[in-house]
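Results of the structural survey
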Amino acid sequence: MYPEPSMEEHETAAYVVERLREMGLDEIRTGVGETGVVCLIRSAKKRGKTVALRADMDALEMTEETGAEYASRKPGLMHACGHDGHTACLLGAAAILHGMRERLPGNVKLIFQPGEEGSAGALKMIEDGCLERPKVSAIAALHVFGDLQSGAIGLNRGYITAQTDEVRLTIKGVSAHAARPHTGVDSISVAAQALIAIQQFIARHTDPIDRRLVTFGIIEGGSRSNILAPEVNLSGTIRTFEPKSRAAIINFLKKDLRKLVGAMGAKLRVSIEEGYPPLRNDDGVLDAIQVAARETLGEGRVHELAVPSLGGEDFAFFAKAGVPAAMARLGVLDEAKGFVSTVHRSDFDFDDEVVLPAGAATLAQTAVRMVGS
Ligand SMILES: [Zn+2]
Ligand SMILES: [Zn+2]
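I will try to describe carefully the structure that is included in this document. Just so you know, these numbers come straight off a predicted model, no measurement behind them. (Residues numbered from 1 in each chain as written. Chains lettered and ligands numbered in written order. Predicted model: local features only at pLDDT ≥ 70, side-chain atom pairs only at ≥ 80, totals over all residues.)

1. As for the sheet that holds strand β3 (residues 50–56)
Consider a sheet: its strands pair through backbone hydrogen bonds, and that pairing is either parallel or antiparallel. If you trace the eight strands from one edge of the open sheet to the other, you get β1-β2-β4-β3-β5-β14-β6-β13, paired in mixed fashion. Two strands bound the open sheet, and with one partner strand each, they are β1 (28–32) and β13 (302–304). Taking each pair of neighbouring strands and ignoring which way they run, the sheet shows an average axis angle of 25°. (Pairing = 2+ DSSP bridges. Helix = DSSP H or I, 4+ residues; strand = E, 2+ residues; numbered from the N terminus. Axes fitted to C-alpha atoms, helices over the stretch in contact; angles between N-to-C directions.)

As structure tokens, then:
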């Protein structure tokens with residue numbers, strides 16, 4: 001009910017710390033990567049390796065329209081990506097693991113991270129040492145998923161989320177009277193050609209088996225209907241898995257598209273801002289999640305997913321830091337109860353009573369499996 005935007009998760013972090021202390025956990029570090037929280041559940045055996053579980057805490061800048069009694073009390077802010085659910089699941093796992101620490105063969109580090117939605121909070125926590133003292137040897141996480149039955153677990157072998165890059169194109173033409181287009185350079189017309197050329201390049205010059213896409217979400221230009229627009233700006237996102245496809249797309253934008261735009265008398269400026277790396281699930285960690293989910297939820301609620309997502313996820317930074325990492329999907333779909341929405345929508349909601357215990361149990365058992373192997 002009290003969502004906070006990326007890197008401003010102050011009350012959420014304080015709430016997490018309060019719940020952990022209530023459980024009797026006291027090895028807690030706050031302010032990690034600004035607003036992150038790290039809690040260590042130490043094995044009573046005082047040895048063994050350390051594994052980690054991660055949840056994100058930030059919300060999105062949108063107004064909730066679920067009408068639920070527990071809906072956001074803050075207009076313009078909503079847990080539309082289910083990160084409140086992830087945090088609740090990890091608190092549940094903390095309670096379970098703390099209760100069995102006498103039998104735990106190793107330590108479990110709980111990572112409550114800020115700023116997943118575009119602020120690379122995971123990277124901030126890594127730079128602030130969340131994977132050290134004690135050193136983390138494997139890490140797992142769950143993310144809610146609208147295409148899978150409520151309380152079920154979905155597993156992607158290999159890639160699960162994509163590399164994200166922000167792209168901005170500026171096409172500079174020359175303004176002129178609309179009735180005398182030959183005396184100027186119509187940047188809107190050139191932009192139309194450029195957009196088609198980009199999609200054509202993706203479709204005909206990159207490998208269709210390797211998933212990739214370019215989407216432009218913003219196009220701006222012009223001031224009057226009877227003047228040639230002198231400049232058009234396009235902003236979009238590039239999503240890829242394989243570095244080869246990413247390099248090919250960026251090379252096309254910076255070299256060939258510039259020639260095409262130049263042939264029509266306009267100039268092109270391309271700026272690319274690197275986002276999140278792709279996440280390729282580690283087989284060993286994914287096996288641990290799979291076994292754990294089968295043990296806690298039953299075979300019938302654990303599914304292999306055929307296709308990855310072209311969404312981005314900053315959990316990928318843990319893998320990039322060299323720690324074996326895997327993320328699984330936690331289903332939230334329940335048509336009979338009317339939970340049919342998906343993440344980043346204002347009507348997103350799920351059944352807490354089914355989803356949260358499934359997530360908490362799976363996370364706790366995954367840690368047991370990881371630490372014992
Ligand atoms: Zn999201
Ligand atoms: Zn998310």
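2. Re helix α8 (residues 352–372)
Between its first and last C-alpha, α8 extends 30 Å over 21 residues, near the 30 Å set by a 1.5 Å rise per residue. Most of α8 sits inside the fold, with 16 of its 21 residues counted as buried. (Expected span 1.5 Å × (residues − 1). Buried ≥ 20, exposed ≤ 12 C-beta atoms within 10 Å, placed from the backbone.)

3. Concerning the environment of L97
With respect to the helices, strands and loops of the structure, L97 is situated in helix α2 (residues 83–99). Not counting residues within four places of it along the chain, the set of residues in contact with L97 comprises I41, L104, V108, A364 and A367. (Contact = placed C-beta atoms within 7 Å.)

4. Notes on the pairing of β1
Sheet topology places β1 next to strand β2 (residues 36–41); four bridges connect them, and they run antiparallel. When the sheet's bridge partners are listed, R29 is paired in β2 with V38. Taking the residues that link successive antiparallel strands as the turn, the β1-β2 hairpin has three residues, and the phi of G33 there is positive, at about 60°.

5. What about the sheet that holds strand β10 (residues 231–240)?
Strands sit in the order β9-β10-β8-β11 across an open sheet of four strands; the sheet is antiparallel. A strand with exactly one partner marks an edge of an open sheet, and here the two such strands are β9 (212–221) and β11 (267–274). Adjacent strand axes in the sheet meet at a mean angle of 20°, parallel and antiparallel pairs treated alike. Bridge analysis of strand β8 (residues 163–172) against β10 gives ten bridges, and the strand direction is antiparallel. Across the sheet, K172 pairs through a bridge with E231, a residue of β10. Each of β8, β9 and β10 touches helix α4 (residues 187–205); the most contacted strand, β9, lies at about 175° to it. Sheet strands in contact with helix α5 (residues 243–263) are β8, β9, β10 and β11, and its direction is about 165° off that of β11.

6. Brief notes about the packing of α4 against α5
Viewed as axis vectors pointing N to C, α4 and α5 meet at an angle of 140°, and their least axial separation amounts to 10 Å. If you check the angle between α4 and α5, you find them oblique. Seen from above, α4 lies across α5 with right-handed handedness. Contacts between α4 and α5 pair V190, A194, A197, I198 and F201 from the former with F252, L257, L260 and V261 from the latter. A breakdown of the residues in the contact of α4 with α5 according to their chemical character gives nine nonpolar, no polar and no charged. (Parallel < 35°, antiparallel > 145°, perpendicular 65-115°, else oblique. Left-handed = near helix turned anticlockwise from the far one by under 90°. Nonpolar A, V, L, I, M, F, W, Y, C, P; charged D, E, K, R; others polar.)

7. Notes on helix α1 (residues 10–23)
Taking 1.5 Å per residue, 14 residues should reach 20 Å; α1 reaches 20 Å between its end C-alpha atoms and fits that length. Of the positions making up α1, those classed as buried are T12, A13, V16 and L20. The buried residues of α1 occupy an angular sector of 100° when the element is viewed end-on, so they sit on one face. For α1, the exposed residues lying more than 90 degrees away from the buried face are E11, E18, R21 and E22. Each element contacted by the buried residues of α1 is listed here: β1, β2, α2 and β4 (107–113). (Arc of directions from axis to C-beta.)

Functional significance is not addressed by these values, which are geometric in nature.
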